[in-house]
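Spelled out from the first residue to the last, the chains are:
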2 protein chains.
Amino acid sequence: MTAEAKAVTPASPPLTERQEARRRRILHASAQLASRGGFDAVQMREVAESSSVALGTLYRYFPSKVHLLVATMQDQLQHMHTTLRKRPPAGEDPSERVAETLMRAFRALQREPHLADAMVRALTFADRSVSPEVDTVSRLTTAIILDAMGLDGPPTAEQLSAVRVIEHTWHSALITWLSGRASIAQVKIDIETVCRLIELTAPEKAGSQRPG
Amino acid sequence: MTAEAKAVTPASPPLTERQEARRRRILHASAQLASRGGFDAVQMREVAESSSVALGTLYRYFPSKVHLLVATMQDQLQHMHTTLRKRPPAGEDPSERVAETLMRAFRALQREPHLADAMVRALTFADRSVSPEVDTVSRLTTAIILDAMGLDGPPTAEQLSAVRVIEHTWHSALITWLSGRASIAQVKIDIETVCRLIELTAPEKAGSQRPG
DNA sequence: GGATAATCTAGAACAAGTTTCAGACTTGAT
DNA sequence: ATCAAGTCTGAAACTTGTTCTAGATTATCC
């Protein structure tokens, strides 16, 4: 727990306490409904009712269903990030650690497949109007992966490319699993395959392999 | 691989000529509307009107908007596959050839960004009910990549994994570009990065990889 | 404490995807 | 040519995301 974990919402006008509470209620209702039946089960009228908020207010907080679900994903990712940090992966080299971390995240998603469905579908369906929020999710994901790599210094440009490709694979593999076109085993293989890219971008010299 | 290009539609009952014509009109209208304004511009009522078909009939041919757009993508991919085959990529090794092919495909999509938007969004938004059609698209994409690799024999399991990861990256990178979160240059880098995976899976020794 | 602006509520209204249905038209078999 | 089965049309209805409005509530500032 360092000094980050804010700027999740740009906070143009800081929210009052009751507003913060409303926002929480909405996100909670969203996650709950999503857990039940995925993307389709998150119906704006129901979210509004579940969170005791008028429909118009819901739309003031989240200007579309996709915005709402992407915000829900931000929320969940944040939880996951702190959870993952508590027990860092134990692998020898960065590529193993990243694969291990992503598989751990994957297993977490498996526990709520409908929720995962809603969030990921929203994420990839988002159009330009949601770009800032999607970008936030992307940065969170990147942070998780970089954390898992456990680099000493800042990543090289090559490493950032590899991380982006890993993220691409992660999202897309998740989708193929969610829509029943790939098995869990297959996702695992794909993740492990793409993580080998990290090896390609490791500094050539044998050297400091820091765990910790 | 010459005797393919069928089974695009399972053809449970073979279509009459007029039906085939209707199907063509529908797909054409779909692509036309998509080219204009992307996913949102493909409105079922308009597609029906443009193709001179009743709304109910449109739904008989394509049970949802997503089905329609995924079928549109099948159609376009088929065109692209035959186009790409006319001038095979010239790179030295497989990974270069694949990257070159994908970038060529990418440039083709750039010419109709709205159409690309509609097709790709539909593809990643598709739920289980569209799995067979999405799978067909996936197989077509795989075929294009394998073609570009120009292997002698059948691909190894490792190579197939690499191809799947490349596909993942391709779709996801396309989405980030379409939603304005990545530049064309960035997509190029990502594609080239992931294609290096192919080098990793090249058989170490010159020799046959064939199990009996 | 009261004026004023911002926010919230309830509910109607609108838009586009999807379903349904009665009646007209095709097709295939006899 | 005729009948039955299947298909197509036109139009209405239904669902759910989104927008809008008028009035009630809350927050802010003097």
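Look a little higher up for the structure.
These numbers come from a predicted model, not from an experiment. (Residues numbered from 1 in each chain as written. Chains lettered and ligands numbered in written order. Predicted model: local features only at pLDDT ≥ 70, side-chain atom pairs only at ≥ 80, totals over all residues.)

Focus on the interface of chain A and chain B
In plain terms, the rule: Whether two residues are in contact is decided by their C-beta atoms, placed from the backbone, lying within 7 Å. The residue classification treats Ala, Val, Leu, Ile, Met, Phe, Trp, Tyr, Cys and Pro as nonpolar and Asp, Glu, Lys and Arg as charged. All others, Gly included, are polar.
Listed per partner, the contact involves 29 residues of chain A and 29 residues of chain B. When grouped by side-chain class, the residues that make up the side of chain A that touches chain B number eleven nonpolar, ten polar and eight charged.

Observations regarding the protein's contact with DNA strand C
Test applied: The criterion for a residue being near a molecule or strand is simple: its C-beta atom, placed using the backbone, must lie within 6 Å of it. Helix and strand labels come from DSSP, where a helix needs a run of H or I of at least four residues and a strand needs a run of E of at least two; each type is numbered from the N terminus.
The full set close to DNA strand C counts 18 residues, and Ala54 and Thr57 of chain A together with Gln43, Gly56 and Ser64 of chain B are the nearest of them. At the level of secondary structure, the elements contributing two or more residues to the surface near DNA strand C comprise α1 (17–41) and α3 (55–61) of chain A together with α2 (44–50) and α3 (55–61) of chain B. Ranked by residue count, the leading element in the surface near DNA strand C is α3 of chain A, at four residues. Per-class residue counts for the surface near DNA strand C are six nonpolar, seven polar and five charged.

Description of the nonpolar core
How we decide: In this description, a nonpolar core means buried residues of the types Ala, Val, Leu, Ile, Met, Phe, Trp, Tyr and Cys, linked to one another by C-beta atoms lying within 7 Å. Three classes are used. A residue is buried when 20 or more other C-beta atoms lie within 10 Å of its own, exposed when 12 or fewer do, and partly exposed in between, with C-beta atoms placed from the backbone.
Core analysis: the biggest nonpolar cluster contains 108 residues, and Val70, Ala122 and Ile166 of chain A together with Val70, Ala122 and Ile166 of chain B have the highest contact counts within it. Once you skip the residues sitting within four places of it in the chain, Val70 of chain A turns out to touch Ala122, Leu123, Ala126, Val130, Glu133, Val134 and Val137 of chain A.

Observations regarding the packing of helix α5 (residues 94–111) of chain B against helix α9 (residues 184–200) of chain B
A packed helix pair is summarised by two numbers, namely the angle formed by the two axes and the spacing between the axes. Residues and elements named next belong to chain B. Applied cut-off: Here the axes come from fitting lines to C-alpha atoms, over the contacting stretch only for helices, and the angles between their N-to-C directions go from 0 to 180 degrees. For this classification, under 35 degrees means roughly parallel, over 145 means roughly antiparallel, 65 to 115 means roughly perpendicular, and everything else is oblique. The crossing is said to be left-handed when, going from far helix to near helix, the turn is anticlockwise and less than a right angle, and right-handed when the turn is clockwise.
Contact pair α5 / α9: the axes reach a minimum separation of 8 Å and the direction vectors enclose 150°. By the angle between their directions, the pair α5 and α9 is classed as roughly antiparallel. Regarding α5 and α9, the two cross each other, and that crossing is right-handed. Across from Pro94, Ser95, Val98, Ala99, Leu102, Met103 and Phe106 in α5, the residues of α9 making contact are Val187, Lys188, Ile191, Glu192, Cys195, Arg196, Ile198 and Glu199. For the contact of α5 with α9, the per-class residue count stands at ten nonpolar, one polar and four charged.

Quick notes on helix α8 (residues 157–178) of chain A
All names here are of chain A. Applicable threshold: The length a helix should cover is 1.5 Å for every residue beyond the first.
The first and last C-alpha atoms of α8 sit 32 Å apart over 22 residues, in line with the 32 Å expected at 1.5 Å per residue. With respect to burial, α8 is a largely interior element, 19 of its 22 residues being buried. Looking one or two residues beyond α8, the residue adopting positive phi is Gly180, at roughly 75°.

With respect to the relation of the copies chain A and chain B
Applicable threshold: Copy-to-copy superposition: least squares on the C-alpha atoms, limited to residues that have pLDDT of at least 70 in both copies.
Rotating chain A by 180° and translating it 0.0 Å along the rotation axis places it on chain B, where the RMSD comes to 0.0 Å. A rotation of that kind, with that shift, is consistent with a two-fold axis. Considering only C-alpha atoms, the part of chain A nearest the rotation axis is Thr169 of chain A, at 2.7 Å. An overlap of 100% is found between the interface residues of chain A and their copies at the interface of chain B, pointing to a shared contact surface.

Focus on unusual backbone geometry
Residue and element names in this part refer to chain A. Residues other than glycine seldom take positive phi values, yet Ser52 does so here, at roughly 55°. Tracing the chain through its elements places Ser52 in the loop between α2 (44–50) and α3. Take Ser52: there are 11 C-beta atoms within 10 Å of it, and that puts it in the exposed class.

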